[in-house]
Every structure is written in structure tokens, then in C-alpha cells.
Amino acid sequence: MPLIDNGVYVAGRRIEDPRSLDATYALMREHDGMGWIGLYRPSPDEVRSVAREFDLHPLAVEDALLGHQRSKLERYDEILFAVLRPARYVDSEETVEFGELHIFLGPEFVVTIRHAESPDLMQVRKRMEANPTLLAQGPEAVLYAILDQVVDEYEPVIAGLENDIDEIENDLFTVESIGLSERIYNLSREVINFQRAVVPLVKMLDNLQRGSDKYGVDVELQRGLRDVQDHTLLIAERVASFRQILDNALTVHATIVTRRQTDQSIQQNEEVKKISSWAAILFTPTLIASIYGMNFVHMPELEWAFGYPFALGLMLALGIVLYAVFKKRKWL
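Residues numbered from 1 in each chain as written. Predicted model: local features only at pLDDT ≥ 70, side-chain atom pairs only at ≥ 80, totals over all residues. Heavy atoms only, no water.

> In this structure, what is going on with the overall build of the protein? I would like to understand it.
Counting secondary structure elements, the protein contains 10 helices and 9 strands. If you take every contact in the protein between residues at least 6 apart in sequence, the share linking residues at least 24 apart comes to 65%. By element, 54% of the accessible surface of the protein is carried by carbon and sulfur atoms, the whole surface being about 18900 Å². (Helix = DSSP H or I, 4+ residues; strand = E, 2+ residues; numbered from the N terminus. Contact = heavy atoms within 4.5 Å. Areas by Shrake-Rupley, 256 points an atom, 1.4 Å probe, with all protein chains shown as cover.)

> Can you help me understand helix H2 (residues 44–54) in this one?
Each α-helix winds once per 3.6 residues, and so residues spaced three or four apart point in a common direction. All buried positions along H2 are accounted for by Val47, Ser49, Val50, Ala51 and Phe54. Residues of H2 that are buried sit in contact with helix H1 (21–31), strand E3 (34–40), helix H3 (58–66), strand E5 (79–84) and strand E9 (109–114). Positive backbone phi, approximately 55 degrees, marks aspartate 55, located one or two places after H2. (Buried < 20%, exposed > 50% of the residue type's maximum accessible area, 1.4 Å probe, protein only.)

> Even after reading the chapter, I still don't get the pairing of strand E6 (residues 87–90), so can you show me in this structure?
Each regular strand carries side chains that alternate between the two faces of the sheet. Note: E6 against strand E7 (residues 95–98), 4 bridges, orientation antiparallel. What sits directly across from valine 90, in E7, is threonine 95. (Pairing = 2+ DSSP bridges.)

> Help me understand helix H7 (residues 154–171), please; the structure alone is not making it clear to me.
Over its 18 residues, H7 extends 26 Å from the first C-alpha to the last, a length consistent with the 26 Å expected when each residue adds 1.5 Å. The complete set of buried residues in H7 reads Tyr154, Val157, Ile158, Gly160, Leu161, Asp164, Ile165 and Ile168. Viewed along the axis of H7, the buried residues span an arc of 165 degrees, placing them on a single side of the element. (Expected span 1.5 Å × (residues − 1). Arc of directions from axis to C-beta.)

> Sorry, what's going on with the nonpolar core here?
Most often, soluble globular proteins have nonpolar side chains that are buried together. Among the nonpolar cores identified, the biggest contains 56 residues, and Leu84, Ile103, Met128, Ile146, Leu147, Tyr154 and Phe194 are the most heavily contacted of them. The element contributing the most residues to this core is helix H8 (residues 179–210), with 11 residues. Tyr25, Val47, Leu56 and Phe104 belong to the second largest nonpolar core, which has 23 residues in total. (Core = buried A, V, L, I, M, F, W, Y, C linked by side-chain atoms within 4.5 Å.)

> Where do I start with unusual backbone geometry in this structure?
Only a minority of non-glycine residues have a phi that is not negative, and only a minority of peptide bonds are not trans. If you check the backbone angles, aspartate 32 has positive phi at about 55 degrees while not being a glycine. Mapped onto the fold, aspartate 32 is located in the loop between H1 and E3. Backbone geometry at histidine 68 places phi at a positive 55 degrees, although glycine is not the residue there. As for its position among the elements, histidine 68 is in the loop between H3 and strand E4 (72–76). You can call histidine 68 exposed: its relative accessible area is 75%.

> What is the right way to read the environment of alanine 64 from this model?
Structurally, alanine 64 is set in helix H3. Counting along the chain gives 49 residues from alanine 64 to isoleucine 113, while the straight-line C-alpha distance between them is 7.7 Å. When sequence neighbours within four positions are dropped, the list of residues in contact with alanine 64 reads His102, Phe104, Ile113 and His115.

> I would appreciate a short explanation of the pattern of salt bridges in the present structure.
Two side chains bearing opposite charge may form a pair once their charged atoms approach each other closely. Scanning the entire structure with this criterion turns up 16 salt bridges. Here arginine 210 and aspartate 206 are joined by a salt bridge, their closest N and O atoms 2.8 Å apart. With a gap of 4 residues between them, arginine 210 and aspartate 206 both fall in helix H8, about one helical turn apart. Accessibility expressed as a relative area gives 64% for arginine 210, which makes it exposed. Judged by relative accessible area, which is 27%, aspartate 206 ranks as partly exposed. Residues joined by salt bridges that share partners form a network here, namely Asp5, Arg14, Asp17, Arg125 and Glu129. (Salt bridge = Lys/Arg side-chain N within 4 Å of Asp/Glu carboxyl O.)

> Looking at this structure, how should I read the environment of valine 61?
Relative to the helices and strands, valine 61 is located in helix H3. The class for valine 61 is buried, based on a relative accessible area of 10%. A C-alpha to C-alpha distance of 9.5 Å links valine 61 and phenylalanine 104, two positions 43 residues apart in sequence.

> Explanation requested: the pairing of E5 in the structure shown.
When you tally the buried positions in E5, you get 6 out of 6 residues, the bulk of the element. Side chains Ile79, Phe81 and Val83 of E5 all project onto a buried face; the interleaved residues Leu80, Ala82 and Leu84 project onto the opposite face, where all are buried too. Pairing between E4 and E5: 5 bridges, direction antiparallel. Following the sheet pairing, tyrosine 76 is matched in E5 by isoleucine 79. Connecting E4 to the next strand, E5, in antiparallel fashion are 2 residues, including aspartate 77 with a positive phi near 60 degrees. With 5 bridges connecting them, E5 and strand E8 (residues 101–106) associate as antiparallel partners. What sits directly across from leucine 80, in E8, is leucine 105.

Spelled out as C-alpha cells, the structure:
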């Protein structure tokens, strides 16, 4: 169902579990509490219902409906709209799967719209509900926890990519298949996509910290955001190094393939030389024998007693001369 989890919180504690969006709106007004609505691939009508209730900006709503957005952070008056690109490593396929998470934050509400399995927002909710003091700090604390979860889930992706790169480095000088180039290229594409998901987070977290004083964000929460930003910077640096390694690996592999092709071409040329040399050596006696085998009446040396030995000697002599010439030229 699109409505994955739904709760109303007062002073950091969950007081109600409404079954519908309308019930959530009513309970928020009744208890003057914070609503945390979690949607998974909702219908346009459900998104529009949330938009009407919380007066979300039409441009942000349009982005949420269309999807396929880049990572970004935008503020519309008191409402914050964030797009995150979570990722998970699929070990069975050795690929990175990217998701998309839209987050709307207002003074008394948090709405998450998830379009993939990642991130595990249930884990975030359990973590926050186990710490009422942190949750009592409001929607900003929820955003911090979601960002922290997304960045933490990047770690297995880093480990998976690093393992793939190690395998490529091991195969670089041993595997001759052209498929290695394709694997390097595909892995480079995944690293680039991962980089596009991670790098914008650094600026997003920086902007959040810059606005902390203006919007009265708790000091401890600011420290938490700085910790997430430091973690994100480390991941961004590692991803950048992965990209450089793969670029170098592709260049090295191309050089190795070119060298092997050149060596093969030289070897083939040497074989052609040998074949051509022996063909020439064998062709000479064959030519002489063919001429003397034409049975013409007027044939040079035909009635000479030494004509036959002479022809044989001539064949042998020419063969030896040609062999010596080709040997000197290192064709044989």
C-alpha cells in the first residue's frame, strides 16, 4: 500500500496511528502535534491531498509527481523540499541500484515519498521513536536522521564497488577478453551515477548548517549534521578515487590490448615471411621441372648426357641460394 507508516507525535512520542491521510490531518490539528507521513510510490491523488493539506509549492509537487529528479534542496518559505538519491549494491548482479526519495518538511510535518526499496525508513522511524528527546526537536531532526541513514547505506555500495575494482585490477594483466573493457566501462558508469548522488549532498548539508541559526536548529542537531557532512565528504573522495582508478584501468587495458594486437601482428608477419620464403624455395625447382616436363622436341640440353644431372643440380643450387638469402634477411 502507498501509505507505509503514519504517525502523530507530541513531545517526541507517538500518540496515534491514523489509518488514512484525512485521519492524520485531523489528529494533527486536534493534538497540535507533528505528523510523519510515509508514502511509497503514491498515486497522484494522494500526493495532491498532501499538497492541499500542507500548502506545498506547486513546483515541488510537480517534481514529486514526475520523479527522476537530481539530488537537491529547495526552500519555499517555511517548507523545505529535498530530493535524495539513495543507493544499494546488488551483490548477485554486481550492480548499483539507485532510488529516489522526496522529503517535504514544514513546521509541524514530515512527508516522505519513496520510489525504491532504499533507504530503510522504518529503521529511521524506530531509531527516532527510541529517542524521544531527539524526535521532540521536530522535522529537522527527522531530516537529519534520514540523511544519516542514506549516507550510512552508501557504505555497502562503496565496499561492493571497491571489491569490483580489486577484481578488475587482478584481471587487468591476465584476462585477454575484450569483455574486461566492457566491465570497466559499465562499472565506470555506475561510479559516475553514484558520484552524482553523493556529491550534491555535501552542498545540501552545508546549506542546512548555514540556515541552522536562522531557523533555530538545536546545537546538538547541528553537530549531527556536521558529522553526516564529514562522512559524506569521505565517501565523495573515495568515489572520486574510484573514478580515477577506473579511468586509468581503461587506459592501461586499451594499451595492453593494443600491444597484444601489435605483437600478434608482428608474429603473423614473421609467419608470412617464413611461408613466403619456403614457397619461393620450392617454387624454383618446380618451375624448372615444369619447363623440362613440357616434352618439346627442341629443348636446351635435351640430348646432352649430363642434362638431367645438370637440371637437378640447378634446382638444388637455386634452392640453396634462396635459402641463404632469406636466412640472411632473417625471414627464416
